[in-house]
Amino acid sequence: MSEENKRKVDELLKDMLNDNVISHSQSPWSSPVVLVKKKDGNTRFCIDYRAVNDCTKKHSFPLPRIDDSLDQLSGCKYFTTLDLKSGYWQIPMSEGDREKTAFTCHRGLFDFNVMPFGLANAPATFQHLMRIVLDGVEWNGALAYLDDIIIYARTFQDHLHNLDDVLSRLVCRWPQT
């Protein structure tokens, strides 16, 4: 890893440690860090979990189909979109599974206290959580695709009601990390 990338990893590690996203580890597992350049020029901190994913029992909770989502939005006039910041990081890892999230870099071995991006079951787990959080309003005023939510309605009054419903659910039903 270049010195420049090591400095980026240092900054990201410091932030994740301060935010209790990761902890120092003594795990027997270890996956490598991969830095990926985002479209906006920033760096995304990723872990190559291919070896972990190869021995993971898969959770097959479905993601919504785009054609079903588009059909649901047909005829609606009012829309609000939400993009949940670091959505996966809102889900705590169970104590027994944290060691499987371990990664190594020039600063040592760390593991995640919250669900990291890159695990085979992360999308299905997150989508399942969104189904629970939005129960009763999903497909009836709101749609979720992972950490993106669209709130929709035919009338402004219905839209305000749906928006209030979704926002209150995100505040009240979201697991606390």
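So, here is what we can say about the structure in this document. (Residues numbered from 1 in each chain as written. Predicted model: local features only at pLDDT ≥ 70, side-chain atom pairs only at ≥ 80, totals over all residues. Heavy atoms only, no water.)

### With respect to the overall build of the protein
For step 1, the next point in the chain: When its secondary structure is counted, the protein shows five helices and eight strands.
For step 2, the next point in the chain: Along the protein, from the amino end to the carboxyl end, the secondary structure elements read α-β-β-β-α-α-β-β-β-α-β-β-α.
For step 3, the next point in the chain: Evaluated residue by residue, the protein yields a buried proportion of 37% over its 177 residues.
For step 4, the next point in the chain: For the protein, the share of sequence-separated contacts (at least 6 apart) that also reach a separation of at least 24 residues comes to 67%.
For step 5, the next point in the chain: Distance from the positive charge centre (21 side chains) to the negative charge centre (24 side chains) of the protein: 3 Å. (Helix = DSSP H or I, 4+ residues; strand = E, 2+ residues; numbered from the N terminus. Buried < 20%, exposed > 50% of the residue type's maximum accessible area, 1.4 Å probe, protein only. Contact = heavy atoms within 4.5 Å. Lys, Arg positive; Asp, Glu negative; His and termini not counted. Charge placed at Lys NZ, Arg CZ, Asp CG, Glu CD.)

### Things to note about helix 1 (residues 3-18)
For step 1, the next point in the chain: The first and last C-alpha atoms of helix 1 sit 23 Å apart over 16 residues, in line with the 22 Å expected at 1.5 Å per residue.
For step 2, the next point in the chain: Along helix 1, the residues that are buried comprise Lys-8, Val-9, Leu-13 and Met-16. All buried residues of helix 1 fall inside an arc of 135° around its axis, so they share one side. Facing away from the buried side of helix 1 by more than 90 degrees, the exposed set consists of Glu-3, Glu-11, Lys-14 and Asn-18.
For step 3, the next point in the chain: Taken together, the buried residues of helix 1 touch strand 1 (22-24), strand 2 (31-37), strand 3 (43-47), strand 5 (103-105) and strand 6 (108-112).
For step 4, the next point in the chain: Positive backbone phi, approximately 60°, marks Asn-20, located one or two places after helix 1. (Expected span 1.5 Å × (residues − 1). Arc of directions from axis to C-beta.)

### Details of unusual backbone geometry
For step 1, the next point in the chain: For Asn-20, which is not glycine, the phi torsion reads 60° and is therefore positive.
For step 2, the next point in the chain: Structurally, Asn-20 is set in the loop between helix 1 and strand 1.

### What about the side chain of Ser-69?
For step 1, the next point in the chain: Tracing the backbone through its elements, the reader meets Ser-69 in helix 3 (residues 66-73).
For step 2, the next point in the chain: When near neighbours in sequence (up to four residues on either side) are disregarded, Ser-69 contacts Pro-64, Trp-139 and Leu-143.

### Comments concerning the nonpolar core
For step 1, the next point in the chain: Leu-13, Phe-103 and Phe-112 are the most contacted members of the largest nonpolar core, which totals 35 residues.
For step 2, the next point in the chain: Elements that contribute at least two residues to this core include exactly helix 1, strand 3, strand 5, strand 6, helix 4 (122-133), strand 7 (142-145), strand 8 (148-153) and helix 5 (156-172).
For step 3, the next point in the chain: The leading source of residues in this core is helix 4, at five residues.
For step 4, the next point in the chain: Setting aside chain neighbours within four positions, we find Phe-103 in contact with Leu-13, Ile-22, Ser-31, Val-33, Phe-45, Ile-47, Gly-108, Leu-109, Phe-110 and Phe-112. (Core = buried A, V, L, I, M, F, W, Y, C linked by side-chain atoms within 4.5 Å.)

### So, the packing of aromatic side chains
For step 1, the next point in the chain: Applying the stated criterion to the full structure yields six aromatic pairs.
For step 2, the next point in the chain: With centroids separated by 5.4 Å and ring planes inclined at 45°, the aromatic side chains of Tyr-88 and Phe-126 adopt a geometry described as tilted. Taken together, the residues Tyr-88 in the loop between strand 4 (78-83) and strand 5 and Phe-126 in helix 4 connect sequence positions 38 residues apart. Phe-126 shares its class with Tyr-88; the two are buried.
For step 3, the next point in the chain: Every member of this aromatic cluster is reached through a ring pair, and the members are Phe-45, Phe-103, Phe-110 and Phe-112. (Phe/Tyr/Trp six-rings, centres within 6.5 Å; stacked < 30°, edge-to-face > 60°.)

### Notes on helix 5
For step 1, the next point in the chain: The end-to-end C-alpha distance of helix 5, which contains 17 residues, comes to 24 Å, matching closely the 24 Å that a straight helix rising 1.5 Å per residue would cover.
For step 2, the next point in the chain: For helix 5, the complete set of buried residues consists of His-159, Asn-162, Asp-165, Val-166, Arg-169 and Leu-170. Down the axis of helix 5, the buried side of the element spans an arc of 130°, and every buried residue falls inside it. In this structure, helix 5 carries Gln-157, His-161, Asp-164, Val-171 and Cys-172 as exposed residues pointing more than 90 degrees from its buried face.
For step 3, the next point in the chain: Buried positions along helix 5 lie against strand 4, helix 4, strand 7 and strand 8.

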